[in-house]
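# Summary of the model geometry
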Amino acid sequence: MSATSRLWWPIAALLAATTAARVAQAEAKFVINVLDTPGVGFNDQKPATPVGGNTGTTVGQQRLIAFQAAADAWGRVLESPVPVIVEASFAPLACAGTSAVGGQAAPYSVSAYPGLPTTGSYPLALANRIMGRDLYPDTADIKAEFNGDLMTCLGIDWYYGLDSRLGANQADLRSTVMHELAHGLGFSGNVDPDTGMYKSKAPTVFSNYVLDTSNGKHWPEMTDAERKASLANVRKLVWDGNRVQAVAAWDLAKGLPSVQVTPSPSGFSGFIGEANYGRLVADSGTITGPVGAITIPAACRLSLAAGFLGKVALVTSARNCGSISVASIVESTGGLAMLFAYDEDGSPPPVALESSADEITRYPVSIPTLALTRNDASLINSDPSATVTLSGDKSRQVGADSAGRTLLFTSNPIVPGSTGAHWDPLVRPNLLLEPVASPIPVTDLVMERALLWDIGWTGSCGDGSIDGQEECDNGAANSDRTPDACRLDCTKPKCGDSVVDSGEQCDPGSRGSDPNCGSDCRLITPSATGGTSGSGGTSGSGGASGSGGTRSSGGTSGSGGVSSSSGGTSGSGGASSRGGTSGNGGASGSGGTSGSGGASGSGGASGSGGSSANTSTATPGGTSGGCSCDAARDSSASGSWLFAIGLALILGRRGRGAVLFRRFLVHNEGDFHCRPGRAP
């Protein structure tokens, strides 16, 4: 996203400069400037029924309300004396039949501006915050475009509710906008994956905190070749910021899973992923057993006769099949655990195995499931006498290195635009800035806010002292997810904040109404009149976050569910390979269709401010970034300059053995640059 860059500087220098420049701080205000023409996009006047807390009565109103809600979520946890201006449109974008541009966003950036801590590149919104004034009053800070015509192209549509309760064939707009805005605010390294060079010839502020633990160097300290190699150095690239490390210490779950093979085959990487269903490995004790191997063909059929009694199932699957129904069959035939690998090109890390709340209810699974790469699965399968051992280290955080630094997403091969600019999908619980979003939308900002604070967004809320109108402030321990914690906006926990705190029995909060939960966050006891059966097992909110660390919203306890009866595993209908990326903007996405992304887009508002000598920044332009919706399954689509940040949406089961389809939103890394500004 943020394309230009800057050199390494000590954290203390940034904080000192920030303090010197700071004026009276306030909650950051996001202003949305609509660019759509009358009747289009945000101005679409078609009638709409209010949904999920969104009170808009036209399609355009609902889009704008959801967009503003996403922006306001960031505004509540960041501070700036300067409003953040977002140019936004919702007009139809490119469509290629099996893929479409879903959305695209990019920051305007500034480099070498007098008074900023370094000569590198800053997102304009951050530069304004540090300097305490609007450096380019006539230029927006972020440009964002979203596709208003996904239904025509792909048969899916945006969900405009504010409660994350998606239906079939829907993509969550609010969480997608939250993700995109994070890149616009500075969560981006902008390294050319082909050369390792910064695309604007200088480091971004983000890059100062990117550390390769194998050589002990931060990105600005590396040669271009070293930087390129670091993008493919799987699970060796970490975020080296103090704020993120402090938050990760309590936010990331403990219980790092691992798999060992006896005898250990040469070349075995051991890179794994952990499914968001079934029992966690760390909660299952050590599991050791012989291997029962099976391959699932493209028809996605696994016979119930397949016996895994006392074995660890090793499943290699066609790329279009899902995994959770396979796990339920493995369990029903006596399997101890499941190792699952897709039969597709590509090396570590393995794809994330994520299922929706509906699937978790439909296919209750209690055995652990881990994802493997195809190469590792082949190595295990090559020795019929092999045994495997699954274990979990409860002293280690899931998604962090041994020093507690959170892993950034690295991959071999590199996925341009995605690798290096997201969290590693191993993290638990799921985070907003993962390369592939959870089927249950994530709207918690605690880790992303910590990263933005590391690069210079630090304000008074979260500094550990109660200032101004704050009700509480416990510093890094502030959380919108932990019961009884001071919230991220420095307000006290309360009924209606979506967290079940002490004294509460339920709290759906922003997740929508719950007929079983009263306005006082106490469960409603059904009256005995009418002969109804009484409370009879209302599930209560809680539900099972459980496995896989999905957040409480979607868990579902899996009551009643019939297990594996349907012979067919899910699977995403024939989504083709990740393969074929075209060149720079092209992005083939899964299925090899060409066009998502790349729109070059001039984008840009020329910055105001007149030209001042010796300040080296580019004029507006460059790629705007592009979001694509592509047919896929438990994995992300790849393609040139694509971020796989999709929502992994269930598009529907239409009966016994029906194929499961998924869609992933992907977006392009891009940037707009402001012209040199006048020295203060």
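Provided above is the structure to which this section pertains.
Notes on the structure in this doc start here.

Definitions and cut-offs
- Residues numbered from 1 in each chain as written.
- Predicted model: local features only at pLDDT ≥ 70, side-chain atom pairs only at ≥ 80, totals over all residues.
- Heavy atoms only, no water.
- Helix = DSSP H or I, 4+ residues; strand = E, 2+ residues; numbered from the N terminus.
- Buried < 20%, exposed > 50% of the residue type's maximum accessible area, 1.4 Å probe, protein only.
- Contact = heavy atoms within 4.5 Å.
- Areas by Shrake-Rupley, 256 points an atom, 1.4 Å probe, with all protein chains shown as cover.
- Pairing = 2+ DSSP bridges.
- Arc of directions from axis to C-beta.
- Phe/Tyr/Trp six-rings, centres within 6.5 Å; stacked < 30°, edge-to-face > 60°.
- Lys, Arg positive; Asp, Glu negative; His and termini not counted.
- Salt bridge = Lys/Arg side-chain N within 4 Å of Asp/Glu carboxyl O.
- Polar contact = N/O pair within 3.5 Å; in protein donor to acceptor, adjacent residues only side chain to side chain.
- Core = buried A, V, L, I, M, F, W, Y, C linked by side-chain atoms within 4.5 Å.
- Expected span 1.5 Å × (residues − 1).

So, about the overall build of the protein chain. Per the secondary structure count, the protein chain includes eleven helices and 22 strands. Here the protein chain holds 680 residues, and 59% of them are scored as buried. Taking contacts inside the protein chain between residues at least 6 apart in sequence as the whole, the part at least 24 apart equals 72%. Roughly 23200 Å² of accessible area belongs to the protein chain as shown, and the carbon and sulfur atoms make up 52% of that amount.

The next subject is the sheet that holds strand β15 (residues 312-317). Spatially, β12-β18-β14-β15-β16-β17-β13 is the arrangement adopted by the seven strands of the open sheet, whose pairing is mixed. In this open sheet, the two edge strands, each paired with only one partner strand, are β12 (254-262) and β13 (273-274). Relative to strand β17 (residues 369-372), strand β16 (residues 337-342) runs parallel, the two sharing four bridges. The residue bridging A341 from the neighbouring strand is L372, located in β17.

Strands sit in the order β10-β9-β11 across an open sheet of three strands; the sheet is antiparallel. The strands lining the two open edges of the sheet, one partner per strand, are β10 (217-218) and β11 (237-239).

A cis amide bond links T262 with the next residue in sequence, P263, at an omega value of -10°. On the secondary structure map, P263 appears in the loop between β12 and β13. P413 follows N412 through a cis peptide bond whose omega is 10°. Turning to its location among the elements, P413 is positioned in the loop between β18 (387-397) and α11 (446-457).

What follows is about the environment of I329. Along the polypeptide, I329 turns up in helix α8 (residues 324-332). Residues I329 and Y363, spaced 34 residues apart in sequence, show a C-alpha to C-alpha distance of 9.1 Å.

Buried within helix α6 (residues 224-231) are the following residues: R227, S230 and L231. Buried residues in α6, looked at end-on, bunch into an arc of 105°, giving them a common side. On its buried face, α6 sits against β9 (210-212) and β11.

Let us look at the packing of aromatic side chains. Throughout the structure, instances matching the rule amount to 13 aromatic pairs. Centre to centre, the rings of F42 and F90 are 5.3 Å apart; their planes meet at 80°, and the pair counts as edge-to-face. Of this pair, F42 sits in the loop between β1 (30-34) and α2 (59-75) while F90 sits in the loop between β2 (84-89) and β3 (99-101), and the two are 48 residues apart along the sequence. By the burial criterion, F42 is buried, and F90 matches it.

So, on to the side chain of R243. Tracing the chain through its elements places R243 in helix α7 (residues 242-251). No salt bridge is formed by the buried R243; its nearest oppositely charged neighbour, D473, is found at 6.1 Å.

All right, on to the environment of T152 then. Following the sequence through the fold, T152 ends up in helix α4 (residues 150-154). A polar side-chain atom of T152 sits 2.7 Å from a polar atom in the side chain of D149.

Turning our attention to the nonpolar core. Ranked by size, the top nonpolar core spans 88 residues in total, and within it W74, W239 and W423 carry the most contacts. With sequence-adjacent residues up to four places away left out, W74 is seen in contact with F30, M178, L181, A182, L185, L432, L445, E448, R449 and L452.

This part covers the pattern of salt bridges. For the structure on display, the rule yields twelve salt bridges. Residue D224 is joined to R227 by a salt bridge in which the shortest nitrogen-to-oxygen separation is 3.0 Å. Remark: R227 and D224 occur in helix α6; sequence separation between them is three residues, near one turn of the helix. Under the relative-accessibility criterion, D224 is labelled partly exposed at 32%.

Looking now at α2. With 17 residues, α2 extends 24 Å between its outermost C-alpha atoms, agreeing within 8% with the 24 Å of an ideal straight helix rising 1.5 Å per residue. Taken across its 17 residues, α2 has twelve buried, putting it largely inside the fold. Of all the positions in α2, only V59, G60, Q62, R63, A66, F67, A69, A70, A71, A73, W74 and G75 are classed as buried. Close packing links the buried residues of α2 with β1, β2, β6 (142-146), α5 (173-185) and α11.

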